[in-house]
Amino acid sequence: MGPMDLDTFASLVRARRTSLKVDPERPVPPELVERLCRLATWAPNHHRTWPWRFAALTGDARARLGALIGDYQEAAGDPPARAEKSRAKYLRAPLMLVVACSPDPQPRRAVEDRDAVAAGIQNLLLGATAAGLASYWGTGLVVDVPGVRELCGFAPTDVILAAIYVGWPLGEPPEAPPRPEPRLHHVP
Ligand SMILES: Cc1cc2nc3c(=O)[nH]c(=O)nc-3n(C[C@H](O)[C@H](O)[C@H](O)COP(=O)(O)O)c2cc1C
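What comes next is a walk through the structure. Each chain carries its own residue numbering, running from 1 in the written order of its sequence. Confidence filtering applies because this is a predicted model: local features only for residues at pLDDT of at least 70, side-chain atom pairs given and counted only at 80 or more, and all residues used for totals across whole chains, interfaces and linings.

Below, the discussion takes up the overall build of the protein chain. Scanning the protein chain from N- to C-terminus turns up 6 helices and 4 strands. Walking the protein chain from its N terminus toward its C terminus, one meets helices and strands in the order α-α-β-α-α-β-α-β-α-β. In this setup the radius of gyration rests on C-alpha atoms only. A globule is expected at 2.2 Å times the number of residues raised to 0.38. The C-alpha atoms of the protein chain give a radius of gyration of 18 Å, which matches the 16 Å a tight globule of 188 residues would have. For the C-alpha atoms alone, the extent of the protein chain along its principal axes is close to 55 × 45 × 35 Å. The helix count covers DSSP runs of H or I at least four residues long, the strand count covers runs of E at least two residues long, and both are numbered beginning at the N terminus.

By definition, a residue lies near a molecule or strand provided its backbone-derived C-beta atom is within 6 Å of it. If you check the shell around the ligand, you find R17, T18, W137, G138, T139, G140, A176 and P177 and nothing else. Put simply, Ala, Val, Leu, Ile, Met, Phe, Trp, Tyr, Cys and Pro go in the nonpolar bin, Asp, Glu, Lys and Arg in the charged bin, and everything else, Gly too, in the polar bin. A class-by-class count of the residues in the shell around the ligand yields 3 nonpolar, 4 polar and 1 charged.

What follows deals with the environment of L97. Note that L97 resides in strand β2 (residues 95–101). Linking L97 and V22, residues 75 residues apart in sequence, is a C-alpha distance of 14 Å. Discounting residues that sit within four places of it in the chain, L97 has contacts with F54, A56, I164 and V166. A pair of residues counts as a contact when their C-beta atoms, built from backbone coordinates, are within 7 Å of each other.

Glancing now at the sheet that holds strand β1 (residues 52–57). In short, DSSP must find at least two bridges between two strands for them to pair. One open sheet accounts for 4 strands, arranged β1-β2-β4-β3; its pairing is antiparallel. Because the sheet does not close on itself, it has two edges, and the strands there are β1 and β3 (134–138). Each neighbouring strand pair of the sheet contributes to a mean axis angle of 20°, computed without reference to strand direction. As paired strands, β2 and strand β4 (residues 159–167) are joined by 7 bridges and run antiparallel to one another. Here the axes come from fitting lines to C-alpha atoms, over the contacting stretch only for helices, and the angles between their N-to-C directions go from 0 to 180 degrees.

Any residue with 12 or fewer other C-beta atoms within 10 Å of its own C-beta is exposed, any with 20 or more is buried, and the rest are partly exposed; the C-beta atoms used are placed from the backbone. Buried within helix α4 (residues 80–89) are the following residues: A83, S86 and K89. When α4 is viewed along its axis, its buried side chains cluster within an angular range of 115° and face the same direction. In α4, the exposed positions angled more than 90 degrees off the buried face are occupied by P80 and A81. Buried-residue contacts for α4 involve α3 (60–75). Comment: arc refers to directions from the helix axis out to C-beta atoms.

We now examine the nonpolar core. Counting 43 residues, the largest nonpolar core has M96, V98, V99 and V166 as the members making the most contacts within it. Those elements that place two or more of their residues in this core are α2 (30–40), β1, α3, β2, α5 (107–130), β3, α6 (148–152) and β4. The contacts of V98, once residues within four sequence positions are left out, are A55, L57, C152, I160 and A163. Under the definition applied here, buried Ala, Val, Leu, Ile, Met, Phe, Trp, Tyr and Cys residues are grouped into a nonpolar core through C-beta atoms within 7 Å.

With that out of the way, let us pick up the packing of α2 against α5. The N-to-C vectors of α2 and α5 enclose an angle of 140°; their axes lie 7 Å apart at closest approach. As judged from the angle between their axes, α2 and α5 are oblique. Once α2 is placed against α5, the crossing between them reads as right-handed. Touching L36, C37, L39 and A40 of α2 are G120, I121, N123, L124, G127 and A128, all from α5. Roughly parallel means an angle under 35 degrees; roughly antiparallel means over 145; roughly perpendicular covers 65 to 115; every other angle is labelled oblique. Helix crossings get a hand from a simple test, with the near helix turned counterclockwise from the far one by less than a right angle marking a left-handed crossing and a clockwise turn marking a right-handed one.

The next thing to look at is unusual backbone geometry. Backbone phi values are negative for most residues with the exception of glycine, while trans is the configuration of most peptide bonds. Although it is not a glycine, H47 adopts a positive phi angle of roughly 65°. Along the chain, the position of H47 falls in the loop between α2 and β1. Of the residues examined, H47 has 12 C-beta atoms within 10 Å and is grouped as exposed.

Where α3 contacts α4, the axes come no closer than 7 Å and their chain directions differ by 165°. Between α3 and α4, the crossing angle belongs to the class labelled roughly antiparallel. Regarding α3 and α4, the two cross each other, and that crossing is right-handed. The segment α3 lies against α4, with G66, A67, I69, G70, Q73 and E74 engaging P80, R82, A83, E84, S86, R87, A88 and K89.

Below you can see the structure in the form of structure tokens.
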């Protein structure tokens with residue numbers, strides 16, 4: 001047997017759920033955040049470019065992230081109510097983990113770097129699930145609003161893949177969306 005049997009691993013994979021039903025007041029310890037980010041770095045990575053970048057936003061930083069989105073929407077002419085909603089949205093979890101890719105200048109490698117970061121995010125989400133945390137991979141405006149990279153301490157050329165809401169669950173997670181059968185061709 002390997003480090004874990006397949007049934008145990010499969011139940012961990014299936015237990016990961018996109019959920020925002022978390023306690024916004026109960027912090028996620030920084031050591032645990034570091035452990036989860038370390039797990040992400042165990043993803044496969046062509047050319048060992050180590051392209052992942054992480055920012056853990058807690059406390060007021062979550063409001064600053066929301067303000068960047070809200071201000072952007074307001075400047076773009078969105079209804080004020082929508083901008084106001086965005087300003088508060090990241091306060092729904094105690095921790096926002098923003099994950100980015102520092103891509104290789106060569107386009108083919110940059111795609112592979114992004115793949116490696118996405119694989120790392122899944123490691124992180126599974127680790128969070130194993131730790132009893134709820135998580136929610138979000139994208140939307142956060143990936144391209146100017147200023148988010150700077151707030152996160154990322155380089156101007158970094159590409160944001162995810163703003164992950166992380167927190168301790170309140171109640172049961174949502175029901176799992178059923179998965180279709182894998183479209184698998186056995187080609188002998
Ligand atoms: C790149 C990416 C972006 C996502 N963005 C959102 C989002 O903005 N809002 C949302 O509700 N879910 C988002 N999700 C989560 C999916 O909705 C979710 O994974 C899907 O519904 C399956 O549910 P499950 O994760 O609980 O299995 C995103 C997932 C990925 C991979």
